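Breakdown of the fold
In case you want the letters, here they are:
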Amino acid sequence: MLSINSATFSFGTDKKLTISSFYLTAGSCCAIIGNNGSGKTMMARALAQELEAESGEYACNLRPELVSFEKQLKLYDDEWQRTNTDMLGTEEEIAATAAAIIQQHRHDDVYCQELAQQFGITHLLEQPFTALSSGEGRKVLLAQALMSKPQLLILDEPFDGLDVSARTQLMTTLAQLQQQGMALVIIVNRPDELPAFAQKLGWILDCQFTQQRSREAFFADPLTQQLLHCASDHDITLPPPLQSGGNTAFTDPLIDLQQIQVSYGERTILHDLTWQVNNGEHWHIAGPNGCGKTTLLHLITGDHPQCYSNKVTLFGKRRGSGESIWDIKQNMGIVSPAFHMSYRVAGTPLTVILSGFYDSIGLYQQPGDQELALARQWLKLLGMEKMEQSAFLQLSYGQQRLLLIARAMVKHPPLLILDEPLQGLDSLNRHLVLQYIDRLVANSRSQLLYVSHHAEDVPQCMTHRLQFVAQPDGHYRYEQTRL
């Protein structure tokens, strides 16, 4: 049993979470929904006993496990730091495998195999954890949590980063865990991810959780209706690019990939892929977790070593013909889960957006008056102008993602690469960002490569789709269609 009454929790120096009433027993499920910055992650940590109550009543005799974006990010950071230091021996430099991460706190090879089969990640067990996609890493973290056989499982945004099949599978697994007697708390920002088997639901706003309600009472509440209603369409004027005259025009094709082959040892990631992107085309790239979508984008951005052994031509120049990585990236704006993980430098929302002018992680140049003015226009557009000097790393995951999207768009790049850009955003912010993307594409020469597992998260401006379709031999067929 978990019982909280009139409790207050502190996080940092200026944030406080208030929970007026919360009650959960074994075999029951509560689903919680909230916007970005509402305190969802603080709520998850409080329920997992990672935050101590300053006041009020808090009683829990259930053994908890928490799965969250922040925990996944910390695990990634810890692993990166462990393998990138001069103090390690040869064996210690080897990255931990997915199997090692799953069994980090409890070793049981048989149960590890069972969980891997349940989540469809058996083939990933010997892969380095840091080499997995965001969705694959999320499955590993879920398996790690279940490895300890908790009595209370707390999931903060568990479905983000998972494809349709994986989301359905996870929902089924959670329902089974509840039936087996496990207590569940599922925290989401998408209304369609509120599980049908949750007996109680609640909302959290401005770091306040009032009380749980039955499904009927929850959906009848006016506040719930307001939360579920996305912002109505309104005119959006994007800040202009830094230089007048728009983006540089490039001859067709903008991207030309010929018979691409990418392998890791005996595992083939991309097999005989030929693909071209011409001027005016905007491509939605779709396929299941681990099919190679992110690898494809890394070939284009120059972040994959095998881009030089393949026939990759961008903006009319063959990769490896003498151009630097910065020559290529000055024509790109990029947002991805991996990039978000790597943006760990100290800074403010203002400096994050300004860094987009210089393609840097962090700001190391003195911006001019025009750059400052444009960056502040983007902050106002996001409704974050009052947070200009806040600490970027102290913002919520969703707020950080919004700023990184603005950073990618600030220079109206010829090629805008968005890999799961809406991951971690609530309904309101997803709706607004999709409008920003459509408006940018309509009013500039920026072309879009867009990865998303959610059909409802695809901008209206998409003109083509590249679909990865699994084949019996383990390879993928690449279906190219015009929308």
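Just so you know, the residues in each chain are numbered from 1, in the order the chain's sequence is written. Where local features are concerned, this predicted model is filtered to residues with pLDDT of at least 70; where side-chain atom pairs are given and counted, the filter is 80 or more; whole-chain, interface and lining totals use all residues. To obtain the side-chain values, all non-hydrogen atoms of the structure were included, while hydrogens and water were left out.

By the naming in an unreviewed UniProt entry, the protein is Molybdate transport system ATP-binding protein, taken from Tolumonas osonensis.

**Overview of the packing of helix α14 (residues 397-409) against helix α15 (residues 427-442)**
Note on method: axes are straight lines fitted to C-alpha atoms, helices fitted across the in-contact stretch only, with angles between N-to-C directions ranging 0 to 180 degrees. Put simply, DSSP H or I for four residues or longer makes a helix, DSSP E for two residues or longer makes a strand, and each gets a number counted from the N terminus. At their nearest, the axes of α14 and α15 sit 12 Å apart, and the two run at 0 degrees to each other. Looking at the two axes, α14 sits roughly parallel to α15. Contacts from L402, I405 and M409 of α14 reach α15 at N429, V433, Y436, I437 and L440. Each residue gets one label: Ala, Val, Leu, Ile, Met, Phe, Trp, Tyr, Cys and Pro are nonpolar, Asp, Glu, Lys and Arg are charged, and the others, such as Gly, are polar. Broken down by class, the residue content of the contact of α14 with α15 amounts to seven nonpolar, one polar and no charged. Angle categories: roughly parallel below 35 degrees, roughly antiparallel above 145, roughly perpendicular from 65 to 115, and oblique for all the rest. The contact definition used throughout considers only heavy atoms, calling two residues in contact when any of these lie within 4.5 Å.

**Description of the pairing of strand β6 (residues 152-156)**
When a strand is regular, its side chains alternate between the sheet's two faces. We call a residue buried when its accessible area falls under 20% of the maximum for its residue type, exposed when it is over 50%, and partly exposed in between, using a 1.4 Å probe and counting protein chains only. Burial analysis of β6 places five of its five residues in the buried class, the great majority of the element. Here β6 shows no split at all, with L152, I154 and D156 on one side and L153 and L155 on the other all buried. One bridge is not enough; two strands pair if DSSP finds at least two bridges between them. Alignment of strand β5 (residues 64-67) against β6, held across four bridges, turns out to be parallel. For E65, the partnering residue across the bridge sits in β6 and is L153.

**Section: the UniProt feature "domain: ABC transporter" (unreviewed entry) in the protein**
Mapped onto this numbering, the UniProt entry gives "domain: ABC transporter" (unreviewed entry) at residues 2-231 and 255-481. Between the end C-alpha atoms of residues 255-481 the distance is 16 Å, and the span holds 30% helix and 26% strand. UniProt positions are given in the numbering used here, feature names are shortened, and annotations may be inferred rather than shown by experiment.

**Some thoughts on helix α1 (residues 40-47)**
Since the α-helix turns once every 3.6 residues, residues separated by three or four places project in the same direction. Most of α1 sits inside the fold, with six of its eight residues counted as buried. Taken as a whole, α1 has its buried residues at K40, M42, M43, A44, A46 and L47. Just past α1, the residue Q49 takes up positive phi, approximately 65 degrees.

**Topic: unusual backbone geometry**
Across the junction of D252 and P253, the peptide omega takes the value -10 degrees, indicating a cis bond. With respect to the element layout, P253 can be found in the loop between α8 (222-228) and β11 (255-264). Not every positive phi belongs to a glycine, and Q49 is a case in point at roughly 65 degrees. Summarising the element assignment, Q49 is placed in the loop between α1 and β4 (53-60). The backbone of E420 shows a phi angle near 50 degrees, a positive value even though the residue is not glycine.

**Things to note about the sheet that holds strand β20 (residues 476-482)**
Here we have six strands laid out as an open sheet, ordered β16-β17-β18-β13-β19-β20, and mixed in their pairing. The two strands at the open ends of the sheet, each matched to only one other strand, are β16 (332-335) and β20. Across the sheet, the mean angle separating the axes of adjacent strands is 15 degrees when strand polarity is ignored. Note that strand β17 (residues 415-419) and strand β18 (residues 447-451) share five bridges and pair parallel. When the sheet's bridge partners are listed, L416 is paired in β18 with L448. Against the sheet, α14 contacts β16 and β17, and its axis sits at roughly 170 degrees relative to β16.

**A short note on empty space enclosed by the protein**
Cavities and pockets were defined on a 1 Å grid built over protein atoms only: a cavity is a set of grid points that admits a 1.4 Å probe from which the probe cannot escape, a pocket is an open set flanked by protein on both sides within 12 Å along at least five of seven lines, and lining residues are those with an atom within 4 Å of any such point. Grid points are joined across faces, edges and corners, and a volume is the space filled by probe spheres set on the points. Summed over the entire model, instances satisfying the criterion amount to three cavities of 30 Å³ or more. Its volume calculated, the largest cavity comes out at about 60 Å³. Tallied by class, the residues present in the lining of the largest cavity amount to five nonpolar, four polar and no charged. Both domains that furnish three or more residues to the lining of the largest cavity are identified here as domain 1 (2-81 + 94-231) and domain 2 (255-482). Domain segmentation is taken from an automatic or database assignment of domains.

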